[in-house]
Amino acid sequence: MRSALALLAALFLGGCTSVWESTFVPARDATPPPLAASQTVRVREVNWDRLQNALREMESTAASRDTPFEEWPDEQKAEMKASMLRTLQVSTDPAAVDIIGRSDFRTTQTYRLETTDQPDLVSFARSIGATEVVWSRGYLGKAQTIVREPINTWSYGSNAAWDRRRGRWRSYPYSESSTTFVPVSVEADQFAYIAYFLAAGR
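Keep in mind it's a predicted model, so treat the numbers as computed, not measured.

Undergrad: Explain the overall build of the chain here, please?
TA: For the chain, the count of helices and strands is 5 helices and 5 strands. The order of α-helices and β-strands along the chain, N terminus first, is α-α-β-β-α-α-β-α-β-β. Relative to the globule expectation of 17 Å for 202 residues, the C-alpha radius of gyration of the chain, 27 Å, shows a markedly less compact shape. Across the 202 residues of the chain, 35% fall into the buried class. Taking the contacts inside the chain whose residues are at least 6 apart along the sequence as the reference set, 78% of them involve residues at least 24 apart. Of the roughly 13100 Å² that the chain leaves accessible, carbon and sulfur atoms contribute 50%. For the chain, the centre of its 23 positive side-chain charges and the centre of its 24 negative side-chain charges are spaced 13 Å apart.

The structure is reproduced here in structure tokens:
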């Protein structure tokens, strides 16, 4: 629910923040400084089914414990973190990588994170000190969404003007057209996006 509301807020505010920032949930104990503009952020994709299966398993493990995550022994927390990093196919020593947080949302917009839509993701990652972003996209089926469709209208009439050469009033026909954009409900493909922000060697 939080992600959906945050996404709507960002859209209605005119896109003042990226969707990655507006849906970001920080980790409990990772707050690295921002990266310099010259520092590289690695961006790569992980399989959606692989990620979802691992998340379900971790949620099941957490639900079976008698204590909340905050009260787990450090060893168990480290095991959960290492499992998450394996799921994200991170080969670096888990002790040298921090999970800063994640963003997740649903949308009918397709993000091309391999090319044209990557700069916004990288910019936000750099602002929170992430050296790597691992993202995933899953298809959720069809969903209703609102688009603005143009409606063209035409009007016709006539104007009267004095004709000096003929010494009388004459009628001159005219036509005008205008375009109005109206909201229309359409069916579109819906996708879920998740991005994990990681900091290695900081």
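Undergrad: What exactly am I supposed to notice about the packing of aromatic side chains here?
TA: Pairs of aromatic rings are described using the distance from one ring centre to the other and the angle between the two planes. In the structure shown here, the tally under the stated rule is 10 aromatic pairs. Judged by centre distance (5.2 Å) and plane angle (65 degrees), the ring pair of Trp20 and Phe105 falls under edge-to-face. One end of the pair, Trp20, is in helix α2 (residues 19-22); the other, Phe105, is in strand β3 (residues 97-107), with 85 residues separating them in the sequence. Here Trp20 falls in the buried class, since its relative accessible area comes to 2%. The exposure class of Phe105 is buried, given its relative accessible area of 4%. Here the aromatic rings of Phe24 and Phe124 are separated by 5.3 Å at their centres, their planes lie at 75 degrees, and the arrangement is edge-to-face. With Phe24 in strand β1 (residues 24-26) and Phe124 in helix α5 (residues 118-127), this residue pair connects regions lying 100 residues apart in the sequence. The residues Phe24 and Phe124 share a single accessibility class, namely buried. Each member of the aromatic cluster is reached from another via a ring pair, and the members are Trp20, Phe105, Tyr111 and Tyr193.

Undergrad: Would you explain the pairing of β3 in this entry?
TA: Note on strand geometry: in a regular strand, side chains alternate between the two faces of the sheet. Judged from the 3 bridges that link them, β1 and β3 form a sheet pairing that is antiparallel. Across the sheet, Val25 pairs through a bridge with Arg102, a residue of β3. Taken together, the 10 bridges between β3 and strand β5 (residues 168-200) define a ladder with antiparallel strand orientation. Its bridge partner lying in β5, Ser103 is registered against Ala195.

Undergrad: I would appreciate a short explanation of the nonpolar core in the present structure.
TA: The tendency in soluble globular proteins is for nonpolar side chains to be buried as a group. Counting residues in each nonpolar core, the largest one holds 23 residues, and the members touching the most others are Trp20, Leu121, Val133 and Phe197. At the level of elements, α2, β3, α5, β4 (132-163) and β5 are the ones that each hand at least two residues to this core. When residues in this core are grouped by element, the largest group, 5 residues, is from β5. Membership of the second largest hydrophobic core comes to 19 residues, among which are Trp48, Val97, Val134 and Tyr196.

Undergrad: Explain the side chain of Ser22 to me, please; I cannot follow it from the model alone.
TA: Among the secondary structure elements, Ser22 is positioned in helix α2. Look at Ser22 and you get buried, because its relative accessible area is 13%. At 3.2 Å, the side chain of Ser22 forms a polar contact with the backbone oxygen of Val19.

The rules behind the values
Residues numbered from 1 in each chain as written. Predicted model: local features only at pLDDT ≥ 70, side-chain atom pairs only at ≥ 80, totals over all residues. Heavy atoms only, no water. Helix = DSSP H or I, 4+ residues; strand = E, 2+ residues; numbered from the N terminus. Rg over C-alpha atoms; globule rule 2.2 N^0.38 Å. Buried < 20%, exposed > 50% of the residue type's maximum accessible area, 1.4 Å probe, protein only. Contact = heavy atoms within 4.5 Å. Areas by Shrake-Rupley, 256 points an atom, 1.4 Å probe, with all protein chains shown as cover. Lys, Arg positive; Asp, Glu negative; His and termini not counted. Charge placed at Lys NZ, Arg CZ, Asp CG, Glu CD. Phe/Tyr/Trp six-rings, centres within 6.5 Å; stacked < 30°, edge-to-face > 60°. Pairing = 2+ DSSP bridges. Core = buried A, V, L, I, M, F, W, Y, C linked by side-chain atoms within 4.5 Å. Polar contact = N/O pair within 3.5 Å; in protein donor to acceptor, adjacent residues only side chain to side chain.

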